[in-house]
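# A look at the structure
These are the residues of each chain, in order.
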Amino acid sequence: MARRKLAAGNWKMNGVKAALSEIEALEASFPAPDCDVLICPPATLIFAMAAIGNTVKVGGQDCHANESGAHTGDISAEILADAGATAVIVGHSERRADHGESDADVKAKAEAAWRAGLIAVICVGETEAERDAGKALDIVGGQLAGSVPAGATGANTVIAYEPVWAIGTGKVPTLGDIAEMHDYMRAKLGNSHTSEAENFRFLYGGSVKPSNAAEIFAVSNVDGALVGGASLKASDFGGIIAAASEG
Ligand code: PEP
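Overview of the structure. Keep in mind it's a predicted model, so treat the numbers as computed, not measured. (Residues numbered from 1 in each chain as written. Predicted model: local features only at pLDDT ≥ 70, side-chain atom pairs only at ≥ 80, totals over all residues. Heavy atoms only, no water.)

## A closer look at the environment of His92
- Within the secondary structure layout, His92 lies in the loop between β4 (87-90) and α4 (93-98).
- Through-space distance from the C-alpha of His92 to that of Val164 is 9.4 Å; in sequence the pair is 72 residues apart.
- Once residues within four sequence positions are removed from consideration, His92 is found in contact with Asn10, Lys12, Cys123, Glu162 and Ile167. (Helix = DSSP H or I, 4+ residues; strand = E, 2+ residues; numbered from the N terminus. Contact = heavy atoms within 4.5 Å.)

Pasting the structure below:
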């Protein structure tokens with residue numbers, strides 16, 4: 001089956017109200033792109049961003065597993081949904097590293113996302129040392145087994161493969177290495193989630209730019225990208241949306 005590509009942006013801890021003009025520019029340039037578009041801004045911008053247009057869907061960058069309660073500084077999937085989010089990133093490597101999030105934590109957050117009606121964008125990826133040691137497939141396989149809940153479907157879950165060493169570094173795996181990993185991920189989830197095997201979308205993330213997006217989107221089992229730095233400006237992200245629309 002043909003899977004619709006997804007161009008997803010992760011603004012991380014960047015973006016104030018003035019940055020909403022980037023979304024207005026994307027809406028003007030892409031009234032009806034042939035791909036899905038998602039931007040995950042700081043939570044403070046979700047409400048205003050969701051009100052801007054139709055093309056750019058809005059997501060959170062993390063959620064707590066609980067619906068509400070005494071968790072100062074955290075945000076629940078239900079609160080994100082109430083603000084207008086349709087998706088949430090869980091298990092980004094910066095969360096796994098900075099906040100010690102385990103696969104079990106990520107799995108609980110993915111289930112929380114579904115509970116609130118959000119798509120869970122579950123991130124996995126190996127470190128440079130793990131790749132150098134020839135362990136990349138094993139590490140990612142373990143993360144998939146531990147982080148992707150049994151109820152995952154192509155409709156409620158997107159998987160983002162983001163090698164930690166490629167995030168924000170300008171380094172990108174070879175197209176062959178991306179293909180090997182994406183083929184492996186589809187086969188692996190095909191074993192555990194048999195009926196959904198062909199439905200999951202697998203994003204590649206790590207130093208995607210307008211200049212390399214088209215060749216990455218042409219790789220086997222790459223169904224889009226999760227983009228950090230190059231998602232902040234409409235001029236850059238527009239090139240990635242255009243490549244996703246063609247690929
Ligand atoms: C990311 O953090 O998800 C990411 C892929 O960042 P960048 O595109 O800047 O490498």
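## Notes on the pattern of salt bridges
- For the structure on display, the rule yields 17 salt bridges.
- Asp103 is the partner of Arg96 in a salt bridge, and the nearest nitrogen-oxygen pair spans 2.6 Å.
- Overall, Asp103 belongs to the partly exposed group, its relative accessible area being 22%.
- Of the charged contacts in the structure, one is a salt bridge between Arg131 and Asp177, with a shortest N-O distance of 3.6 Å. Separated by 46 residues along the polypeptide, Arg131 in helix α6 (residues 128-132) and Asp177 in helix α8 (residues 175-192) bring together distant segments of the chain.
- For Asp177, a relative accessible area of 26% gives the class partly exposed.
- Each of Arg3, Arg186, Glu198 and Asp223 takes part in one network of salt bridges that share partners. (Salt bridge = Lys/Arg side-chain N within 4 Å of Asp/Glu carboxyl O. Buried < 20%, exposed > 50% of the residue type's maximum accessible area, 1.4 Å probe, protein only.)

## What to know about the nonpolar core
- Among the nonpolar cores identified, the biggest contains 64 residues, and Ile159, Met185, Phe237 and Ile240 are the most heavily contacted of them.
- The biggest single contributor to this core is helix α10 (residues 234-246), with six residues.
- Grouped together as the second largest cluster of nonpolar side chains are twelve residues, Cys123, Val158, Ala160 and Leu226 included. (Core = buried A, V, L, I, M, F, W, Y, C linked by side-chain atoms within 4.5 Å.)

## Quick look at the site of the ligand
- The full set close to the ligand counts 14 residues, and Lys12, Glu162, Gly168, Ser207 and Gly228 are the nearest of them.
- Gly229 places a polar main-chain atom, nitrogen or oxygen, 2.9 Å from an oxygen atom of the ligand.
- Taken atom by atom, the bulk of the ligand overlaps the second largest pocket.
- Along the lines of polarity and charge, the residues of the shell around the ligand split into four nonpolar, eight polar and two charged. (Near = heavy atom within 4 Å. Polar contact = N/O pair within 3.5 Å; in protein donor to acceptor, adjacent residues only side chain to side chain. 1 Å grid on protein atoms, 1.4 Å probe; cavity = no way out; pocket = protein on both sides within 12 Å on 5 of 7 lines; lining within 4 Å. Sits in = over half its atoms within 2 Å of the grid points. Nonpolar A, V, L, I, M, F, W, Y, C, P; charged D, E, K, R; others polar.)

Bear in mind that shape data such as this cannot, by itself, settle questions of function.
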